[in-house]
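Each chain, written out:
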Amino acid sequence: MRIYQIGLLAPVFAQNLLSMGARLHLTHSRFISSTDQKSSLTTLSPTQKVGIIGFFGWGWTPHLVTGIEVGYQGVGQSYYGIGRLSEPYAAGITLHYLRTAATFQPQYAREGWGVWFSFAPGINFLTQTELSFQGDSVPVGGLISPQIIQRILGYLEKSTNPNDRLLLLQVYQRIVPSLSMAGGIRIRLTPQVWILGLLSYERSLRDIEKKDFRLGTQETPLYDPQRKPTHYRLIGFQLGLQYEVMVGH
């Protein structure tokens, strides 16, 4: 029994360091949808978003850390074009996610600088949805995003059902797997504190839209059957602090 207990505790005593910190996430956000990209009715414009990530890891060696991270971020896309009355319109979508992930963090340090990387598959939980539409209307339908936005906002404007207050959270998938990668340099502030400057990339791994969703009692799905899957993509810069505590023997 004693040998068994020692075996369970061995990974704990094998730790070389504890690593923790936070990173500010500044991103160039866009939705990847072949349906929208090929449409002549709308033009896509990326948006700029901000997020925050906290992380905690166990270093099995000075160069390999595994752990967890939790973040909160927005992803979004803007659309514009010419509507039915030959006037311009502008529309937008912003989704807010709470993200949890397992992290694999290779790192290397010299005297006062080093490199740091993160590979983090995770799960995103949708917490808020924001839709906007201004200007001329677009043709009725559910094939492209401006049509979908216009249809949802028009329905909510006329609705008297109190349950429809949650509709914006039901239009999109509540749980979305994703993959995030970041890498760059770190500069030592003190023996235990580093400043991180990283380039980052993140993408959803499934369709973020709930294609079978229906508005109220309508029989026709909100999304046109020919609409292809939509994913989000974030490309950005992260600035953060990392704190390391050596625990190895």
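Everything numeric here is computed off the predicted structure, so don't read it as measured data.

Engineer: Honestly, the sheet that holds strand β7 (residues 193-204) in this entry has me stumped. Any pointers?
Structural biologist: Strand pairing in a sheet relies on backbone hydrogen bonds. The paired strands run either parallel or antiparallel. Spatially, eight strands are ordered β1-β2-β3-β4-β5-β6-β7-β8 in a closed barrel, and the strand pairing comes out antiparallel. Across the sheet, the mean angle from the axis of one strand to that of its neighbour is 20 degrees, orientation sign disregarded. Pairing of strand β6 (residues 175-190) with β7, which is carried by 12 bridges, proceeds in the antiparallel orientation. Across the sheet, R186 pairs through a bridge with L196, a residue of β7. Strands in contact with helix α3 (residues 145-158) are β3 (64-82), β4 (88-109) and β5 (113-135); relative to β5, the strand with the most contacts, it is inclined by about 55 degrees.

Engineer: What am I meant to see in the nonpolar core here?
Structural biologist: Nonpolar side chains in soluble globular proteins tend to end up buried together. F31, I93, L95, Y97, V171, Y172 and L222 are the most contacted members of the largest nonpolar core, which totals 29 residues. Within the residue set of this core, elements represented by two or more residues are β3, β4, β5, α3, α4 (167-170) and β8 (230-246). With five residues, β4 is the single largest residue contributor to this core. Setting aside anything within four residues of it in sequence, one finds V171 in contact with I152, E209, K210, F213, L222 and Y223. Counting five residues, the second largest nonpolar core, distinct from the first, contains F55, W116, A182 and L196.

What counts and how
- All residue numbers refer to positions counted from 1 along the written sequence of the respective chain.
- This being a predicted model, a pLDDT of at least 70 is required before a residue's local features are given, and a value of 80 or more before pairs of side-chain atoms are given or counted; all residues contribute to the totals for chains, interfaces and linings.
- Derived side-chain values reflect all non-hydrogen atoms in the structure, with water molecules and hydrogen atoms excluded from consideration.
- Following DSSP output, two strands are said to pair if at least two bridges run between them.
- In DSSP terms, a helix is any run of H or I states spanning at least four residues, a strand is any run of E spanning at least two, and both are numbered starting from the N terminus.
- Convention adopted: a line fitted to C-alpha atoms gives each axis, helices being fitted over their contacting stretch, and angles between N-to-C directions are expressed from 0 to 180 degrees.
- Should any heavy atoms of two residues lie within 4.5 Å, those residues are considered in contact.
- Nonpolar cores were defined as sets of buried Ala, Val, Leu, Ile, Met, Phe, Trp, Tyr and Cys residues, with membership established by side-chain atoms within 4.5 Å.
- Type-normalised accessible area, obtained with a 1.4 Å probe on protein chains alone, sets the label of each residue: buried when under 20%, exposed when over 50%, and partly exposed for intermediate values.

The values are spatial; any link to function lies outside them.
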